[in-house]
Amino acid sequence: MSTTTTPTSTDAAASGSFRLGDDLPVNRLGFGAMRITGAGIWGPPADPAQALAVLRRAVDLGVTFIDTADSYGPEVSEDLIAEALYPYPADLVIATKGGLTRGGPNQWAPVGRPAYLRQQVEMSLRRLRLERIDLYQLHRIDPDTPVEDSLGELKALQDEGKIRHIGLSEVNVTELAHARSIVPIVSVQNRYNLAYRTAEELLDYAEKENIAFIPWDPMATGRLAQPGGVLDTAARTHTASPAQLALAWLLRRSPVVLPIPGTSSVAHVEENIAAAGITLTDQEFTDLAHLAA
């Protein structure tokens, strides 16, 4: 494998760009702001100054797409983003989500009632110090609330100018197609990585329809990165880390994929962004996919 990478100063722009909703350009390699919170995605980070530094360094390195949610903390991630980056660069797109409530560390419960979603949008606007959220994603479809009601309220908020674009998280093709019959959907966010590819059908659909596919948990390389694993072997042979190869594979998988690696470490932000400088050949991409299957 002849994979090469560039120094850690590589700019996220090297990953290419994508236009959300055909009118909102972002660099494809973004940043996921879940890990800047406390353990169990609960409470403040152990080192708040480091969390702020991570956000600032990501933007310094060309990240123009940051993904967060009101449930990260809860509230903590959105507050830190505003503290670190406001007033925001003109090209920075902050995507947030609503529809999951928190009872404690690692506890998540869907709530999609219209009144609740409206409240969460208003609170996210306040925390992020925004007049309009560029991308607001329904974090989960609530089985106890008709999706028509949840998305109908988001459409009302969109009509009021409080949301620019609407996205979904953890859906299948049938659910996405149904949602599109209710309101325009510009993005989907499902768990997807080199080692976990159950959302292949959804990704293919998204590519066909030019819908952004935002893979959460993009570097869950697990056994592949362990000593003797596929990515570990490749990384030791070439000048790239297992995480960088995993991100390069995602970027190569489809032009609609927007990876959002998250971390609480400045060094890891730099390493992740350097993946934008890795180019996989068709054969390298295929070999990694087959070896990881």
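Rules and cut-offs
- Residues numbered from 1 in each chain as written.
- Predicted model: local features only at pLDDT ≥ 70, side-chain atom pairs only at ≥ 80, totals over all residues.
- Heavy atoms only, no water.
- Helix = DSSP H or I, 4+ residues; strand = E, 2+ residues; numbered from the N terminus.
- Contact = heavy atoms within 4.5 Å.
- Core = buried A, V, L, I, M, F, W, Y, C linked by side-chain atoms within 4.5 Å.
- Buried < 20%, exposed > 50% of the residue type's maximum accessible area, 1.4 Å probe, protein only.
- Phe/Tyr/Trp six-rings, centres within 6.5 Å; stacked < 30°, edge-to-face > 60°.
- Lys NZ or Arg CZ within 6 Å of the ring centre and 35° of its normal.

Novice: Give a description of the environment of Gln158 that names residues and reports values.
Specialist: In this structure, Gln158 sits in helix α4 (residues 147-159). With 25 residues separating them in the primary sequence, Gln158 and Val183 have C-alpha atoms 10.0 Å apart. Those residues in contact with Gln158 that sit more than four places away from it in its chain are Ile163, Arg164, His165, Ile166 and Val183.

Novice: Break down the nonpolar core for me, with residues and values.
Specialist: Membership of the largest hydrophobic core comes to 59 residues, with the highest contact counts inside it found for Leu20, Phe65, Leu154 and Phe213. In terms of residue count, helix α8 (residues 242-253) provides more of this core than any other element does, 5 residues in total. The residues contacting Phe213, other than those within four sequence positions of it, are Val188, Asn190, Tyr192, Ala199, Leu202, Leu203, Ala206, Val256, Val257 and Leu258. Core analysis: the second largest hydrophobic core is formed by 29 residues, Phe31, Val59, Ile66 and Ile81 among them.

Novice: Tell me about the packing of aromatic side chains, and please be specific about residues and values.
Specialist: Scanning the model with the defined rule gives 5 aromatic pairs in all. Taken together, Tyr192, Phe213, Trp249 and Phe285 form an aromatic cluster joined through their ring pairs. Positioned above the aromatic ring of Trp108, the side-chain terminus of Arg102 is 3.8 Å from the ring centre. Over the ring of Phe285 we find Arg252; its NZ or CZ atom is 5.3 Å from the centre of that ring.

Novice: Explain unusual backbone geometry to me, using residue names and the numbers behind them.
Specialist: Cis geometry is found at the peptide bond from Gly73 to Pro74, where omega equals -10°. In this structure, the amide linkage connecting Tyr86 to the following residue, Pro87, adopts the cis form with an omega of 0°. Structurally, Pro87 is set in the loop between α2 (76-85) and β5 (93-98). We note that Asp22 has phi near 65°; this positive angle belongs to a residue other than glycine. Mapping Asp22 onto the fold places it in the loop between β1 (17-20) and β2 (24-27).

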